[in-house]
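Understanding the architecture of this molecule
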Amino acid sequence: MTKSSEERTETAPAASLPEPPPEQAGEARRMTRRGWTLVVSGSLFLVFVVLGSVVPVPFVAISPGPTYDTLGRDAAGNPVIQVAGHQTFQTTGELRMTTVSLHDGVTLFQGLGFWASGRYALAPREEYFKPGETNEQVKQENIQQLQDSQTNAQVAALRKLGYPVKVVAKEIVSGSPADHVLAPGDKLITVNNKKVAEAGDVRAALAGTLPGQTVQITFQSDGQPERTVPLTLASRPDRKEGFIGLTAVDRADAPFNVTISLQDVGGPSAGLMFTLAIIDRLQTGDLAGGRHIAGTGEITETGEVDPIGGISFKVVGAREAGATDFLVPEHNCAEAKTTAPAGLNLIKVSTLDDALAQLANLKAGRPTASC
């Protein structure tokens, strides 16, 4: 019995044996091609989403920026144009400067969103940032440009109002004949025995000279008597005449101070509107005449209005701020016309005199020079 029972156990059919555990069966399976495709596609999509959301693309987004009334007050409540030591006059209306906003660090998805909105434009980053240049460096350059435009605006405005202008040394080239003799801020009176009335006279006084030649220069440091010293001219590869080694600029020589207060703005394009606001504060007449006028344009010390960038965005920002008239540098007219919103009168100007004449036309109800 025992033996036969053991034999029956040993010869039991294979079908009656228990099935292998599920995990052992899974080891025998292979992932299908479709499964691998889903896994790889999902991983690539996830990588694309992460990169598109985080990694910047080499573009910047440009849009209309804020506008500022140069006859009004800044964010701190101070008048944008401040005058100490001279009577100022009441004004009405607005002389509004315009800006462009620049958005850096744009990701792929942000860029697509900006483009789809229709309010922004994308431009290669290299057009606004030099290779290796940081945001902070660009900010400092824009601040310097703003300060230069404010200085030019003061000179142009006070020159127009009949105040004298002096010529000063702005920068001294290290190692040049002027180095250790003159300093930034020194007033230039004569160069090579020729009177200096404006900055361009310095270069003109050296016409016909040669390197190695000695010339006399008369100047005056702040609070000091005039001095006349000899300088032996140096050479430069970009010119035939002798080289002194200084940059000359015009500065207003008025018995009062004009300062411009405006934060978080950079670049040179507000010069024209600063100039007009200074004139409006210092004389009777009320240039804006109650109208909401905006504009842009880089101003030179002698009153020329130079073209600027971003005009297509500035006209939009101006109209959104309520402006009805916009002063446009002549060379920006063609571009401004393509994007000017309805209800905005574009007025072409090429000099400070043009701008003043067109404002007088507006006030009197006469036609203005259109783009």
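Residues numbered from 1 in each chain as written. Predicted model: local features only at pLDDT ≥ 70, side-chain atom pairs only at ≥ 80, totals over all residues. Heavy atoms only, no water.

**Things to note about the environment of alanine 254**
- Relative to the elements of secondary structure, alanine 254 occurs in the loop between β12 (246-252) and β13 (257-260).
- In sequence terms alanine 254 and valine 165 are 89 residues apart; their C-alpha atoms lie 7.9 Å from each other.
- Residues contacting alanine 254, with those up to four places away along its chain left out, are Leu158 and Tyr163. (Helix = DSSP H or I, 4+ residues; strand = E, 2+ residues; numbered from the N terminus. Contact = heavy atoms within 4.5 Å.)

**Comments concerning the layout of surface pockets**
- As a volume, the largest pocket reaches approximately 1200 Å³.
- Among the elements that make up the lining of the largest pocket, the one with the highest residue count is helix α5 (residues 135-160) (ten residues).
- Of the residues that constitute the lining of the largest pocket, the class distribution is 18 nonpolar, 14 polar and nine charged.
- Estimates place the volume of the second largest pocket at around 210 Å³.
- What lines the second largest pocket is a set of 14 residues, and nearest its centre among them are Val202, Arg203, Arg239, Leu246 and Thr247.
- Only α6 (200-205), β11 (239-243) and β12 provide two or more residues apiece to the lining of the second largest pocket.
- For the lining of the second largest pocket, the class distribution of residues is eight nonpolar, three polar and three charged. (1 Å grid on protein atoms, 1.4 Å probe; cavity = no way out; pocket = protein on both sides within 12 Å on 5 of 7 lines; lining within 4 Å. Points joined across faces, edges and corners; volume = space filled by probe spheres on them. Nonpolar A, V, L, I, M, F, W, Y, C, P; charged D, E, K, R; others polar.)

**A few points about the sheet that holds strand β14 (residues 292-295)**
- Taken in spatial order, the six strands make up an open sheet running β4-β1-β3-β14-β17-β18, and their pairing is mixed. Single-partner strands in this sheet number two, and they are β4 (121-124) and β18 (345-349). Averaged over all neighbouring strand pairs, the angle between strand axes comes to 35°, with direction disregarded.
- The sheet contact formed by strand β1 (residues 59-69) and β4 spans four bridges and is antiparallel. Looking at β4, one finds that valine 60 is bridged to alanine 123.
- Where helix α7 (residues 271-282) meets the sheet, it contacts β3 (94-103), β14, β17 (325-329) and β18, and its direction lies at approximately 155° from that of β3.
- Relative to the sheet, helix α8 (residues 311-320) contacts β1, β3, β4, β14, β17 and β18, its axis offset from that of β1 by approximately 40°. (Pairing = 2+ DSSP bridges. Axes fitted to C-alpha atoms, helices over the stretch in contact; angles between N-to-C directions.)

**So, a nonpolar patch on the surface**
- Taken together, Phe59, Trp115 and Leu122 make up a surface patch of nonpolar side chains, about 340 Å² in accessible area.
- Here leucine 122 shows up in strand β4.
- Relative accessible area serves as the criterion here: at 37%, leucine 122 is assigned to the partly exposed category. (Patch = residues over 30% accessible without salt bridge, like charges linked within 9 Å, V, L, I, M, F, W, Y side chains within 5 Å. Areas by Shrake-Rupley, 256 points an atom, 1.4 Å probe, with all protein chains shown as cover. Salt bridge = Lys/Arg side-chain N within 4 Å of Asp/Glu carboxyl O. Buried < 20%, exposed > 50% of the residue type's maximum accessible area, 1.4 Å probe, protein only.)

**Re unusual backbone geometry**
- Phi is positive for asparagine 193, which is not a glycine, with a value near 65°.
- Considering the arrangement of structural elements, one finds asparagine 193 in the loop between β6 (187-191) and β7 (194-195).
- On the basis of relative accessible area, asparagine 193 is assigned to the exposed category, the value being 65%.
- Even without being glycine, aspartate 286 reaches a positive phi, approximately 55°.
- Structurally, aspartate 286 can be placed in the loop between α7 and β14.
- Taking the relative accessible area as the measure of exposure, aspartate 286 reaches 16% and is therefore buried.

**Section: the nonpolar core**
- Counting 38 residues, the largest nonpolar core has Leu272, Phe274, Leu276 and Leu327 as its most contacted members.
- Looking at this core, the elements with two or more residues in it are β2 (81-84), β3, α5, β13, α7, β18 and α10 (352-364).
- Considering every element that reaches this core, the biggest residue donor is α7, with eight residues.
- In contact with phenylalanine 274, not counting residues within four places along its chain, are Thr70, Val80, Ile81, Met97, Leu146, Ser149, Gln150, Ala153, Ile260 and Leu262.
- Residues Leu182, Val202, Ile217 and Leu233 belong to the second largest nonpolar core, which totals 19 residues. (Core = buried A, V, L, I, M, F, W, Y, C linked by side-chain atoms within 4.5 Å.)

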